Amino acid sequence: MRVNRGQGSLEYLFMIAAALVIILVVVRAISGISAPYSTALTVDPESLTSQVEDQGSFKVEAWVEDNGDGTYKVYYRIWALEKPLTGAEVQLVCFGPTNNVGGLDPIKHEGILEPVNYWANYWTPVPREAFPCQVQFTLWKRGLG
């Protein structure tokens, strides 16, 4: 029985090709996973400047505007800068009395936010006594990087 030398090399070539295909499938699957990221920005009428956290591939910001009647609007914006975001949940948490704060339920953003776009919303009225407040963000971004 005679074995061709080239036959073994061809089998190794097929095994290497199969391994590369498996690695490609695993990399594609991992890049499709949504990884959560959480952060919080503290806002207060004393500091009417925008609070920003820039992570490079996305950015979150929050700020306060005076309604002129002793209440305030608390705004936020979520930017997809380099990679898509696959969802977000944002909640306003105030450290003062919240019985007159409008809309304290979490705000959910669903779907794909492609770069360069943003999601935004606000809460109002937020009385002066409710401050300081935190805008708490949980974002899901595509891929693990």
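This text goes with the structure placed above it.
Everything quoted here is computed from the prediction, not taken from an experiment.

Right, let's talk about the packing of aromatic side chains for a bit. The geometry of two aromatic rings is summed up by the distance between their centres and the angle between their planes. Within the structure shown, the criterion is met by seven aromatic pairs. On the numbers, 5.4 Å between centres and 40 degrees between planes, the contact of Y76 with W123 is tilted. Taken together, the residues Y76 in strand β4 (residues 71–80) and W123 in strand β7 (residues 117–127) connect sequence positions 47 residues apart. Looking at Y76, the relative accessible area reads 0%, which means it is buried. We classify W123 as buried; its relative accessible area is 2%. Ring geometry for Y76 against F137: centres 6.0 Å apart, planes inclined by 80 degrees, an arrangement best described as edge-to-face. Note that Y76 is positioned in strand β4 and F137 in strand β8 (residues 133–142), a separation of 61 residues in sequence.

Burial along β8 is one-sided: C133, V135, F137, L139 and K141 are buried, and none of Q134, Q136, T138, W140 and R142, which face the opposite way, are. When strand β5 (residues 85–94) meets β8, the two strands line up antiparallel, connected through nine bridges. If you follow L92 over to β8, its bridge partner there is V135.

Further remarks concern the environment of T98. Looking at the secondary structure, you find T98 in the loop between β5 and β6 (107–113). In this structure T98 comes out as partly exposed when scored by relative accessible area, which is 31%.

A few words on the sheet that holds β7. Strand order in the open sheet made by the four strands is β2-β3-β4-β7, with antiparallel pairing throughout. Two strands bound the open sheet, and with one partner strand each, they are β2 (51–54) and β7. Strand-to-strand twist across the sheet, computed as the mean angle between neighbouring axes with direction ignored, equals 10 degrees. For β4 and β7, the ladder comprises nine bridges, and the chain directions are antiparallel. Within β7, the position partnered with V74 by the bridge is W123.

Rules behind the numbers
- Residues numbered from 1 in each chain as written.
- Predicted model: local features only at pLDDT ≥ 70, side-chain atom pairs only at ≥ 80, totals over all residues.
- Heavy atoms only, no water.
- Phe/Tyr/Trp six-rings, centres within 6.5 Å; stacked < 30°, edge-to-face > 60°.
- Helix = DSSP H or I, 4+ residues; strand = E, 2+ residues; numbered from the N terminus.
- Buried < 20%, exposed > 50% of the residue type's maximum accessible area, 1.4 Å probe, protein only.
- Pairing = 2+ DSSP bridges.
- Axes fitted to C-alpha atoms, helices over the stretch in contact; angles between N-to-C directions.

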